[in-house]
Amino acid sequence: MAQPNPLTTPPPGADTKVVPGHVEHTEAHSGAFPPFETSGFLAQLIWLALAFGLLYYLMDKIALPRIQSILHARAERLRADLDQAQAMKAEADAAGVAFETGLRDAQGKARDIAQTTRNTLAAEAETKRKALEAELNAKLVAAEATIRTRTEAAMGNVRSIAGEAASAIVERLTGQAPDRATLDRALDATAH
């Protein structure tokens, strides 16, 4: 047979009848809801006053001062943090202004250095260009003198070569060589 379950089986001497699937209480319920019964109303009011007084005392002397001190400490910490943040912002702004000023100064110096370097390099290039031009002009004058000398020498040789060629042609055509004076006059007439 099955063992009785202590959670669902009533203890011996209880005023209940066991019906399979249904438990029925035999004692009758009396009256109203217990907190609203008038017989214990005065005792409930006294306990309410005592509990309210005790809670008021605990809140007034322990909880509210502690909350107030926490809120005050938090407000002080927030004020200190805001002051520190304001000071750090002022420092950051000052550092930003100093950085911008330093950057502008550095850019100005860099432009000045670049312009000075550009001017120096341009002056050096101009000096080198003038020196090179002077050297080239000197070489050109020397080359022109050499060309004139050689041209004159070549022209002198051309005259003698032309004289020899003309003499050879006349001799071949006529059978006799022309005299030197006639040949020189003919060459002078053709040169001008």
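Values in this document were obtained by computation on a predicted structure and should not be read as measured data.

Student: What is the right way to read the overall build of the protein from this model?
Tutor: A tally of regular secondary structure across the protein gives two helices and two strands. Along the protein, helices (α) and strands (β) appear in the sequence β-β-α-α when read from the amino end. Counting over 192 residues, the protein shows a buried share of 3%. Summing over all exposed atoms, the protein offers an accessible surface of approximately 17,100 Å²; the carbon and sulfur share of this is 65%.

Student: Explanation requested: helix 1 (residues 41–174) in the structure shown.
Tutor: An α-helical turn contains 3.6 residues, so a residue and the one three or four places further along point in the same direction. In the structure, helix 1 departs most strongly from a straight axis at Met 59, where the bend amounts to approximately 45°. Among the residues of helix 1, Gly 108, Gly 163 and Ser 167 are the ones counted as buried. Positive backbone phi, approximately 95°, marks Gly 175, located one or two places after helix 1.

Student: Whenever I open this one, the UniProt feature "transmembrane region" (unreviewed entry) in the protein confuses me. Can you help?
Tutor: As recorded in UniProt, the feature "transmembrane region" (unreviewed entry) lies at residues 41–59. From the first C-alpha to the last, residues 41–59 spans 26 Å; its make-up is 100% helix and 0% strand.

Student: What is the right way to look at a nonpolar patch on the surface in this model?
Tutor: Taken together, the side chains of Leu 54, Leu 55, Tyr 57, Leu 58 and Ile 62 define a hydrophobic patch exposed on the protein surface, amounting to about 500 Å² of accessible area. Relative to the helices and strands, Tyr 57 resides in helix 1.

Student: Just to check I follow, could you spell out the pattern of salt bridges for this structure?
Tutor: Close approach of charged atoms allows side chains with opposite charge to pair. Applying the stated criterion across every chain, the model contains six salt bridges. One salt bridge in this structure joins Glu 135 and Lys 139, with 3.4 Å as the shortest N-O distance. One end of the pair is Glu 135 and the other is Lys 139, both in helix 1 and four residues apart, which spans about a single turn. A single salt-bridge network, built from bridges that share partners, covers Glu 126, Arg 129 and Glu 133.

Student: Would you mind showing me how to read the confidence of the model for the protein here?
Tutor: Low pLDDT means the predicted atomic positions in that stretch should not be read closely. Of all residues in the protein, 83% attain a pLDDT of 70 or more, and the chain-wide mean is 85. Mean pLDDT per element in the protein: strand 2 (residues 22–25) is the minimum at 52, and helix 1 is the maximum at 92.

Each value, and the rule that gives it
- Residues numbered from 1 in each chain as written.
- Predicted model: local features only at pLDDT ≥ 70, side-chain atom pairs only at ≥ 80, totals over all residues.
- Heavy atoms only, no water.
- Helix = DSSP H or I, 4+ residues; strand = E, 2+ residues; numbered from the N terminus.
- Buried < 20%, exposed > 50% of the residue type's maximum accessible area, 1.4 Å probe, protein only.
- Areas by Shrake-Rupley, 256 points an atom, 1.4 Å probe, with all protein chains shown as cover.
- Bend = angle between axes of the 7 residues up to and from the residue.
- UniProt positions renumbered as here; feature names shortened; annotations may be inferred.
- Patch = residues over 30% accessible without salt bridge, like charges linked within 9 Å, V, L, I, M, F, W, Y side chains within 5 Å.
- Salt bridge = Lys/Arg side-chain N within 4 Å of Asp/Glu carboxyl O.
- pLDDT = per-residue confidence, 0-100.

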